[in-house]
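So the chains spell out like this:
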Amino acid sequence: MEKEENRKTCSTHGELSHDHCISLVPIFNHLTKEQMVEISALTHAVQFRKGETIYRAQEPSNALYIVSRGKVKIYRISDSGKDQIQRILTPGDFTGELALFSEDLHDAYAEALEDVEICMVKREDMSELLLKYPTIAMKVLSEFSRRLEASEKQSTRIATEKVETRIAMYIAEILDRYGEEGIVEMPMKRKDLASHLGTTPETISRKLLELEEAQIIEQLPGNRIHVLDLDALLLI
(Lines give C-alpha, C1' and ligand atoms only; values in the text may rest on other atoms or scores of the structure.)
Protein backbone atom coordinates (compact mmCIF):
# COMPACT_ATOMS: atom_id res chain seq x y z
CA MET A 1 0.00 0.00 0.00
CA GLU A 2 2.84 2.37 0.89
CA LYS A 3 4.49 1.77 -2.47
CA GLU A 4 1.28 2.66 -4.30
CA GLU A 5 1.01 5.89 -2.29
CA ASN A 6 4.61 6.69 -3.20
CA ARG A 7 3.86 6.19 -6.88
CA LYS A 8 0.78 8.40 -6.77
CA THR A 9 2.68 11.13 -4.97
CA CYS A 10 5.63 10.95 -7.30
CA SER A 11 3.60 10.91 -10.48
CA THR A 12 2.21 14.34 -9.62
CA HIS A 13 5.69 15.81 -10.03
CA GLY A 14 5.35 15.74 -13.81
CA GLU A 15 5.83 13.26 -16.63
CA LEU A 16 9.34 12.52 -17.87
CA SER A 17 10.66 12.35 -21.39
CA HIS A 18 10.12 8.71 -22.30
CA ASP A 19 12.36 9.02 -25.34
CA HIS A 20 15.20 10.27 -23.15
CA CYS A 21 14.71 7.45 -20.67
CA ILE A 22 14.66 4.72 -23.30
CA SER A 23 17.68 6.13 -25.12
CA LEU A 24 19.75 5.84 -21.92
CA VAL A 25 19.36 2.09 -21.56
CA PRO A 26 21.88 -0.22 -23.26
CA ILE A 27 19.21 -2.88 -23.87
CA PHE A 28 17.26 -0.36 -25.99
CA ASN A 29 19.62 2.25 -27.40
CA HIS A 30 20.83 0.01 -30.22
CA LEU A 31 17.34 0.04 -31.76
CA THR A 32 16.12 2.37 -34.48
CA LYS A 33 14.40 5.63 -33.59
CA GLU A 34 11.05 4.21 -34.69
CA GLN A 35 11.50 1.14 -32.49
CA MET A 36 12.43 3.28 -29.47
CA VAL A 37 9.34 5.41 -30.03
CA GLU A 38 7.29 2.20 -29.98
CA ILE A 39 8.83 1.21 -26.65
CA SER A 40 8.41 4.70 -25.22
CA ALA A 41 4.67 4.43 -25.79
CA LEU A 42 4.64 1.46 -23.41
CA THR A 43 6.60 3.27 -20.70
CA HIS A 44 5.12 4.77 -17.54
CA ALA A 45 7.23 7.43 -15.83
CA VAL A 46 7.23 8.03 -12.07
CA GLN A 47 9.37 9.86 -9.53
CA PHE A 48 10.44 8.88 -6.02
CA ARG A 49 11.88 11.11 -3.36
CA LYS A 50 15.09 10.35 -1.48
CA GLY A 51 14.53 7.54 1.02
CA GLU A 52 11.32 6.22 -0.53
CA THR A 53 10.95 2.52 -1.22
CA ILE A 54 10.45 1.63 -4.88
CA TYR A 55 9.70 -2.02 -4.19
CA ARG A 56 10.10 -4.51 -1.35
CA ALA A 57 11.23 -8.12 -1.08
CA GLN A 58 8.36 -10.60 -1.50
CA GLU A 59 6.23 -8.14 -3.47
CA PRO A 60 5.17 -9.26 -6.97
CA SER A 61 7.79 -8.50 -9.60
CA ASN A 62 5.77 -7.36 -12.60
CA ALA A 63 7.71 -4.57 -14.31
CA LEU A 64 11.08 -3.47 -15.55
CA TYR A 65 12.35 -0.38 -13.70
CA ILE A 66 14.72 1.89 -15.65
CA VAL A 67 16.62 4.65 -13.85
CA SER A 68 16.41 7.92 -15.76
CA ARG A 69 17.84 10.22 -13.08
CA GLY A 70 19.34 9.73 -9.63
CA LYS A 71 20.60 6.66 -7.78
CA VAL A 72 18.79 3.58 -6.48
CA LYS A 73 20.05 1.18 -3.82
CA ILE A 74 19.29 -2.53 -4.26
CA TYR A 75 19.75 -4.40 -0.99
CA ARG A 76 18.73 -7.36 1.12
CA ILE A 77 18.25 -7.55 4.87
CA SER A 78 20.40 -10.06 6.73
CA ASP A 79 19.21 -12.30 9.55
CA SER A 80 20.73 -9.79 11.97
CA GLY A 81 18.64 -6.99 10.46
CA LYS A 82 21.46 -5.21 8.66
CA ASP A 83 21.28 -3.99 5.06
CA GLN A 84 23.42 -5.93 2.59
CA ILE A 85 24.02 -3.76 -0.47
CA GLN A 86 23.89 -5.68 -3.74
CA ARG A 87 24.41 -2.84 -6.17
CA ILE A 88 23.77 0.84 -6.83
CA LEU A 89 21.82 1.78 -9.96
CA THR A 90 22.63 4.99 -11.84
CA PRO A 91 21.00 6.48 -14.97
CA GLY A 92 20.73 3.84 -17.70
CA ASP A 93 20.70 0.91 -15.24
CA PHE A 94 17.62 -1.21 -14.67
CA THR A 95 16.15 -3.66 -12.19
CA GLY A 96 13.17 -6.01 -12.01
CA GLU A 97 14.42 -7.94 -15.02
CA LEU A 98 13.39 -11.31 -13.58
CA ALA A 99 9.81 -10.26 -14.22
CA LEU A 100 10.55 -10.44 -17.94
CA PHE A 101 10.79 -14.20 -17.89
CA SER A 102 8.42 -15.38 -15.18
CA GLU A 103 5.87 -14.28 -12.62
CA ASP A 104 7.95 -14.00 -9.50
CA LEU A 105 8.52 -12.05 -6.30
CA HIS A 106 11.23 -9.48 -5.71
CA ASP A 107 14.12 -11.00 -3.77
CA ALA A 108 15.47 -7.64 -2.57
CA TYR A 109 14.53 -4.06 -1.76
CA ALA A 110 14.96 -0.98 -3.97
CA GLU A 111 15.29 2.43 -2.31
CA ALA A 112 15.88 5.90 -3.74
CA LEU A 113 19.25 7.18 -2.53
CA GLU A 114 18.32 10.62 -3.84
CA ASP A 115 15.37 12.01 -5.78
CA VAL A 116 15.01 9.64 -8.72
CA GLU A 117 13.08 9.36 -11.96
CA ILE A 118 12.04 5.88 -13.02
CA CYS A 119 10.61 4.59 -16.31
CA MET A 120 8.55 1.43 -15.91
CA VAL A 121 7.56 -1.14 -18.54
CA LYS A 122 5.00 -3.78 -17.58
CA ARG A 123 6.00 -7.43 -17.79
CA GLU A 124 3.38 -8.28 -20.45
CA ASP A 125 4.59 -5.44 -22.69
CA MET A 126 8.26 -6.35 -22.23
CA SER A 127 7.53 -10.01 -23.01
CA GLU A 128 6.05 -8.98 -26.35
CA LEU A 129 9.03 -6.76 -27.08
CA LEU A 130 11.47 -9.60 -26.33
CA LEU A 131 9.68 -11.79 -28.86
CA LYS A 132 9.50 -9.03 -31.43
CA TYR A 133 13.09 -7.81 -31.02
CA PRO A 134 15.40 -10.72 -30.08
CA THR A 135 18.36 -8.34 -29.80
CA ILE A 136 16.77 -6.91 -26.65
CA ALA A 137 16.70 -10.38 -25.11
CA MET A 138 20.39 -10.84 -25.95
CA LYS A 139 21.22 -7.52 -24.28
CA VAL A 140 19.27 -8.54 -21.17
CA LEU A 141 21.08 -11.89 -21.02
CA SER A 142 24.39 -10.05 -21.38
CA GLU A 143 23.46 -7.90 -18.39
CA PHE A 144 22.51 -11.03 -16.43
CA SER A 145 25.95 -12.45 -17.17
CA ARG A 146 27.69 -9.24 -16.10
CA ARG A 147 25.79 -9.10 -12.81
CA LEU A 148 26.41 -12.76 -12.05
CA GLU A 149 30.13 -12.29 -12.64
CA ALA A 150 30.16 -9.17 -10.44
CA SER A 151 28.27 -10.99 -7.68
CA GLU A 152 30.67 -13.93 -7.76
CA LYS A 153 33.66 -11.60 -7.64
CA GLN A 154 32.16 -9.73 -4.71
CA SER A 155 31.51 -12.92 -2.74
CA THR A 156 35.05 -14.14 -3.40
CA ARG A 157 36.59 -10.84 -2.34
CA ILE A 158 34.70 -10.69 0.95
CA ALA A 159 35.72 -14.28 1.72
CA THR A 160 39.38 -14.08 0.68
CA GLU A 161 40.68 -10.52 0.19
CA LYS A 162 41.82 -8.11 2.87
CA VAL A 163 39.76 -4.95 3.32
CA GLU A 164 42.21 -2.58 1.61
CA THR A 165 42.24 -4.82 -1.47
CA ARG A 166 38.43 -4.83 -1.61
CA ILE A 167 38.39 -1.04 -1.40
CA ALA A 168 41.11 -0.63 -4.02
CA MET A 169 39.44 -3.00 -6.49
CA TYR A 170 36.08 -1.28 -5.99
CA ILE A 171 37.58 2.16 -6.68
CA ALA A 172 39.34 0.83 -9.79
CA GLU A 173 36.12 -0.70 -11.15
CA ILE A 174 34.06 2.44 -10.51
CA LEU A 175 36.79 4.53 -12.11
CA ASP A 176 36.77 2.31 -15.19
CA ARG A 177 32.99 2.51 -15.48
CA TYR A 178 32.23 6.10 -14.54
CA GLY A 179 35.52 7.96 -14.17
CA GLU A 180 36.85 10.83 -16.21
CA GLU A 181 40.48 11.98 -16.18
CA GLY A 182 41.22 9.87 -13.13
CA ILE A 183 38.37 11.33 -11.07
CA VAL A 184 35.23 9.47 -10.07
CA GLU A 185 32.25 10.29 -7.86
CA MET A 186 31.67 7.34 -5.57
CA PRO A 187 28.07 6.12 -5.98
CA MET A 188 27.81 5.04 -2.34
CA LYS A 189 28.17 6.84 0.96
CA ARG A 190 30.59 5.33 3.50
CA LYS A 191 27.85 3.42 5.34
CA ASP A 192 26.54 1.78 2.16
CA LEU A 193 30.05 1.11 0.83
CA ALA A 194 30.96 -0.59 4.09
CA SER A 195 27.89 -2.82 3.79
CA HIS A 196 28.74 -3.62 0.18
CA LEU A 197 32.35 -4.52 0.98
CA GLY A 198 31.67 -6.38 4.22
CA THR A 199 33.37 -4.01 6.65
CA THR A 200 32.61 -0.92 8.76
CA PRO A 201 32.39 2.79 7.87
CA GLU A 202 35.25 3.50 10.27
CA THR A 203 37.47 1.00 8.48
CA ILE A 204 36.55 2.49 5.09
CA SER A 205 37.51 5.97 6.29
CA ARG A 206 40.79 4.74 7.79
CA LYS A 207 41.82 2.79 4.70
CA LEU A 208 40.98 5.66 2.35
CA LEU A 209 43.13 7.96 4.51
CA GLU A 210 45.99 5.45 4.28
CA LEU A 211 45.68 5.38 0.49
CA GLU A 212 45.70 9.17 0.47
CA GLU A 213 48.77 9.36 2.70
CA ALA A 214 50.50 6.94 0.33
CA GLN A 215 49.65 9.38 -2.50
CA ILE A 216 47.70 6.70 -4.37
CA ILE A 217 44.42 8.62 -4.21
CA GLU A 218 43.22 12.08 -3.29
CA GLN A 219 39.86 12.55 -1.59
CA LEU A 220 37.90 15.45 -3.06
CA PRO A 221 34.71 17.23 -1.97
CA GLY A 222 31.41 15.74 -3.09
CA ASN A 223 32.37 12.12 -2.32
CA ARG A 224 34.80 12.17 -5.25
CA ILE A 225 38.14 10.41 -5.49
CA HIS A 226 41.08 11.32 -7.70
CA VAL A 227 43.18 8.25 -8.48
CA LEU A 228 46.77 9.48 -8.60
CA ASP A 229 48.48 6.12 -9.17
CA LEU A 230 46.25 3.47 -10.72
CA ASP A 231 49.06 0.91 -11.01
CA ALA A 232 49.77 1.16 -7.29
CA LEU A 233 46.05 0.93 -6.53
CA LEU A 234 45.76 -2.30 -8.53
CA LEU A 235 48.71 -3.84 -6.68
CA ILE A 236 47.19 -3.44 -3.21
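The structure displayed is predicted, hence computed values, not measured ones.

Visitor: Explain the pairing of strand β9 (residues 109-112) here, please?
Guide: Within a regular strand, side chains alternate between the sheet's two faces. The alternating pattern of β9 places Y109 and E111 on one face and A110 and A112 on the opposite face, and all of these are buried. Taken together, the 4 bridges between strand β5 (residues 72-77) and β9 define a ladder with antiparallel strand orientation. Along β9, the bridge assignment pairs Y75 with Y109.

Visitor: Explanation requested: the packing of aromatic side chains in the structure shown.
Guide: In this description, an aromatic ring pair is defined by two values, namely the gap between the centres and the angle between the planes. Counted according to the given criterion, the structure contains 2 aromatic pairs. Ring plane angle 50° and centroid distance 5.2 Å describe the contact between Y55 and Y65, whose orientation is recorded as tilted. With Y55 in strand β2 (residues 53-55) and Y65 in strand β4 (residues 63-69), this pair connects stretches of sequence that are 10 residues apart. Y65 shares its class with Y55; the two are buried.

Visitor: Which parts of the structure should I look at to understand the packing of helix α6 (residues 163-178) against helix α8 (residues 201-213)?
Guide: Working note: a packed helix pair is described by the angle between its axes plus the distance between those axes. The contact between α6 and α8 brings their axes to 10 Å, and the two run at 75°. Classed by the angle they form, the pair α6 and α8 counts as roughly perpendicular. Along the contact surface, α6 presents V163, E164, I167 and I171, while α8 presents T203, I204, K207, L208 and L211. Within the contact of α6 with α8, the residues separate by chemical class into 6 nonpolar, 1 polar and 2 charged.

Visitor: Teacher, can you tell me more about the pattern of salt bridges here?
Guide: Pairing between side chains of opposite charge can happen when the charged atoms of each approach one another. Under the defined criterion, the tally for this structure stands at 8 salt bridges. In this structure, E185 and K71 form a salt bridge, with 3.5 Å as the shortest nitrogen-oxygen distance. On the criterion of sequence distance, the pair formed by E185 in strand β11 (residues 183-185) and K71 in the loop between β4 and β5 is long-range, its members being 114 residues apart. We classify E185 as partly exposed; its relative accessible area is 46%. Each of E164, K207 and E210 takes part in salt bridges that share partners, so that together they form one network.

Visitor: It is not clear to me how the packing of helix α7 (residues 190-197) against α8 should be interpreted in this structure. Could you clarify?
Guide: It is the contact of α7 with α8, at a shortest axis distance of 8 Å, that shows an interaxial angle of 100°. Considered as vectors, α7 and α8 are oriented roughly perpendicular to each other. Between α7 and α8, the residues in contact are R190, K191, L193, A194 and L197 and P201, I204, S205 and L208, respectively. When the residues that make up the contact of α7 with α8 are grouped by side-chain class, the tally is 6 nonpolar, 1 polar and 2 charged.

Visitor: Just checking my understanding: could you explain unusual backbone geometry for this structure?
Guide: Where the residue is not glycine, phi is negative for most of them; where a peptide bond is considered, it is trans in most cases. Backbone geometry at Q58 places phi at a positive 80°, although glycine is not the residue there. Looking at the element boundaries, Q58 is found in the loop between β2 and β3 (60-61). By relative accessible area, Q58 is classed as exposed at 58%. At Q215, a position not held by glycine, the phi torsion is positive, near 60°. Of note, Q215 is situated in the loop between α8 and β12 (217-220). In this structure Q215 comes out as exposed when scored by relative accessible area, which is 62%.

Visitor: Is there a simple way to think about α8 in this case?
Guide: The periodicity of an α-helix, 3.6 residues per turn, causes residues three or four places apart in sequence to face the same way. The first and last C-alpha atoms of α8 sit 18 Å apart over 13 residues, in line with the 18 Å expected at 1.5 Å per residue. T203, I204, K207, L208 and L211 are the residues of α8 that are buried. Looking down the long axis of α8, one finds its buried residues gathered within 130° of arc, a one-sided arrangement. With respect to the buried face of α8, the exposed residues turned more than 90 degrees away are E202 and E213. Turning to α8, the residues buried within the fold contact α6, α7, β12, β13 (224-227) and α9 (230-234). Q215 sits one or two residues past α8 and shows a positive phi near 60°.

Conventions adopted
- Residues numbered from 1 in each chain as written.
- Predicted model: local features only at pLDDT ≥ 70, side-chain atom pairs only at ≥ 80, totals over all residues.
- Heavy atoms only, no water.
- Buried < 20%, exposed > 50% of the residue type's maximum accessible area, 1.4 Å probe, protein only.
- Helix = DSSP H or I, 4+ residues; strand = E, 2+ residues; numbered from the N terminus.
- Pairing = 2+ DSSP bridges.
- Phe/Tyr/Trp six-rings, centres within 6.5 Å; stacked < 30°, edge-to-face > 60°.
- Axes fitted to C-alpha atoms, helices over the stretch in contact; angles between N-to-C directions.
- Parallel < 35°, antiparallel > 145°, perpendicular 65-115°, else oblique.
- Contact = heavy atoms within 4.5 Å.
- Nonpolar A, V, L, I, M, F, W, Y, C, P; charged D, E, K, R; others polar.
- Salt bridge = Lys/Arg side-chain N within 4 Å of Asp/Glu carboxyl O.
- Expected span 1.5 Å × (residues − 1).
- Arc of directions from axis to C-beta.

Geometric descriptors of this kind do not, in isolation, establish any biological role.
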